[in-house]
Amino acid sequence: MVRVKHTHYSDLLRIGVPIMIGQMSTIVMGFADTLMVGHYGTDELAAAGFVNNIIGLLLIGGMGFSYGITPVVGALFGEGKTHEIAGKLKNGLFACFCVGLLLILLAGILLLALPSLGQPDELLPLMRPYLFILLLSLLPQTVFYAYKQFSDGVKDTAMPMWIMLVSNVFNIFGNWLLIFGKCGLPELGLLGAGIATFLSRFLLFVLMAYVFHHTHRYEPYREDFPKSSLSLADQKTLHRLGWPVALQLGMEAASFSFSVLYVGWLGMASLAAHQIVITISQFFFMLYYGLSAAVAVQVSYYRGTGEVEQTRKVAAAGLYLCWFIALLEGLPLFLLRDKVGFLFTSSAEVSALVAMLIVPFLIFQVGDALQSTYANALRGMARVKAMVWIAFVAYIVISLPLGYIFGFVCGWGLVGVWMAFPFGLTSAGLLYYKEFRRWS
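Residues numbered from 1 in each chain as written. Predicted model: local features only at pLDDT ≥ 70, side-chain atom pairs only at ≥ 80, totals over all residues. Heavy atoms only, no water.

> Now, about unusual backbone geometry: what can you tell me, with residues and values included?
Unlike most non-glycine residues, lysine 155 shows phi in positive territory, near 65 degrees. Locating lysine 155 in the fold gives a position in the loop between helix H6 (138–153) and helix H7 (158–180). Residue lysine 155 is classed as partly exposed on the basis of its relative accessible area of 21%. (Helix = DSSP H or I, 4+ residues; strand = E, 2+ residues; numbered from the N terminus. Buried < 20%, exposed > 50% of the residue type's maximum accessible area, 1.4 Å probe, protein only.)

Okay, here's the thing in structure tokens:
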């Protein structure tokens, strides 16, 4: 066990807690979506589950690409070269804009292919308009990520947190208005949830852009922004760092999102239960992400200052904190597993399936914390190439096939699909850990 100074814990919490709060607010938004849509109708909940998994996979890819900005900005911040940061941000914004357009194209292809993906025919009329409106939200969300990673890199994680809180409150209120038709507005059901999500993501981008370009908070960086220009070298660096992380996160998310195809074969009740536990799992993951993102910031900072020996201690502190969070959250969830499903739906069948899924879900928290921490530590070290093959082996070679084998060959059904996740996540975590030790 690595000996860790208490200052590493306090630094990670200072940087990571605002990220955690911002991400928790996003998860609260997901909870609110699932709760409101679930109480509107089971068919709507099942349709939302499928579409949200697909769009979530694309968004995670966009977020992962933007992660390439953090080690670049963080290292410059550690070296004291703040005058160079604005140029990196401008190049990051352009790169993320292009990636956002690519994500829209991919989502459009999925929209056209929707009838051939083997989902229940009665859900397609609900899925199509919902997928289309969420497709439009990919661009503003992806450009927002560029601003956010810049802020994280200069250790100002509080401002994105506040903006995400405002946006998510707006989304929840919009859901209430548009799903159920309140205050004279039409009752749009699932489509209303999609419209509220699109507007909240657009607001997210507008607020963050306004804060950077029109307030005193980022004035030291904004002064150099007009003078900076797009650079082929910077674009190459950002794409070299961004795409491996995007692919790594994309394959990790794919092990969950593509499993929804398996779950769809089991029927609407399984699909609804899968969506509920996925929503719960996102809450856990985003807490890990908050601390792990702080690990990336601190590792990149120490890389910039030349104190590479501190990077191992930072990563170890992050892992211990993530495991502590898993224990605090997991125990009450296990004890209340028979009641959790009823928070989202009145269906006893769906709630019983949710209770069954809680056990494999809790098992994989150890591996999830491990892989999240050391993937971000590698990101902070700007050593991301190996993350691609590790993710491929763990999530595509191990997790996805095991989901089919456990679920259908062994006949374990929905629980079998979920029992594959601990194998994939733990394998990834151990391989990331080994790779990080090699470079640190």
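Picking up where we left off.
> Can you lay out the packing of helix H3 (residues 69–79) against helix H4 (residues 85–113) for me, pointing to particular residues and giving the numbers?
Here H3 crosses H4 at 175 degrees, and the two axes come no closer than 10 Å. Judged on the interaxial angle alone, H4 and H3 are roughly antiparallel. When H3 is examined against H4, the residues Ile69, Val72, Val73, Leu76 and Phe77 are found in contact with a partner set consisting of Ile85, Lys88, Gly92 and Cys96. (Axes fitted to C-alpha atoms, helices over the stretch in contact; angles between N-to-C directions. Parallel < 35°, antiparallel > 145°, perpendicular 65-115°, else oblique. Contact = heavy atoms within 4.5 Å.)

> Can you break down the packing of aromatic side chains residue by residue, with the values?
Counting across every chain of the model gives 28 aromatic pairs. Each member of the aromatic cluster is reached from another via a ring pair, and the members are Tyr147, Phe150, Phe212, Tyr218, Tyr221 and Phe225. In this structure, lysine 90 is placed above the aromatic ring of phenylalanine 225, and the distance from its NZ or CZ to the ring centre is 4.8 Å. The residue whose ring lies beneath lysine 155 is tyrosine 301, and the NZ or CZ to ring-centre distance is 3.7 Å. (Phe/Tyr/Trp six-rings, centres within 6.5 Å; stacked < 30°, edge-to-face > 60°. Lys NZ or Arg CZ within 6 Å of the ring centre and 35° of its normal.)

> Could you give an account of the pattern of salt bridges, with specific residues and numbers?
Counted by the stated rule, this structure contains 7 salt bridges. Among the salt bridges present, the one from lysine 227 reaches aspartate 224, with a minimum N-O distance of 3.2 Å. For lysine 227, a relative accessible area of 65% gives the class exposed. Arginine 438 serves as the salt-bridge partner of glutamate 435, at 3.0 Å between the closest nitrogen and oxygen. Within this pair, glutamate 435 and its partner arginine 438 are both found in helix H18 (residues 413–439), separated by 3 residues, close to a single helical turn. Since its relative accessible area comes to 12%, glutamate 435 is described here as buried. On the basis of relative accessible area, arginine 438 is assigned to the exposed category, the value being 56%. (Salt bridge = Lys/Arg side-chain N within 4 Å of Asp/Glu carboxyl O.)

> Quick one: what's the story with the packing of H4 against helix H5 (residues 124–136), residue by residue and with numbers?
It is the contact of H4 with H5, at a shortest axis distance of 10 Å, that shows an interaxial angle of 175 degrees. Judged on the interaxial angle alone, H5 and H4 are roughly antiparallel. Facing Ile104, Ala107, Gly108, Leu110 and Leu111 of H4, the residues of H5 in contact are Arg128, Leu131, Phe132 and Leu135.

> Outline the environment of glycine 403, supporting the account with residue identities and numerical values.
Note that glycine 403 resides in helix H17 (residues 385–409). Taking the C-alpha atoms as reference points, glycine 403 and serine 300, separated by 103 residues in sequence, lie 36 Å from one another. Setting aside anything within four residues of it in sequence, one finds glycine 403 in contact with Tyr262, Gly416, Val417 and Ala420.

> How would you sum up the nonpolar core? Please name residues and give values.
Core analysis: the largest hydrophobic core is formed by 138 residues, its most contacted members being Phe150, Phe361, Trp418 and Tyr432. A per-element tally of this core places helix H12 (residues 268–305) first, with 21 residues. Beyond its immediate sequence surroundings of up to four residues, tryptophan 418 is in contact with His274, Val277, Ile278, Leu357, Pro360, Phe361 and Phe364. (Core = buried A, V, L, I, M, F, W, Y, C linked by side-chain atoms within 4.5 Å.)

> Describe the environment of glycine 290, and please don't skip the residues or the numbers.
Inspection of the secondary structure assignment puts glycine 290 in helix H12. Separated by 99 residues in the primary sequence, glycine 290 and leucine 191 place their C-alpha atoms 30 Å from one another. Setting aside residues no more than four positions away along its own chain, glycine 290 makes contact with Gly16, Ile19 and Met20.

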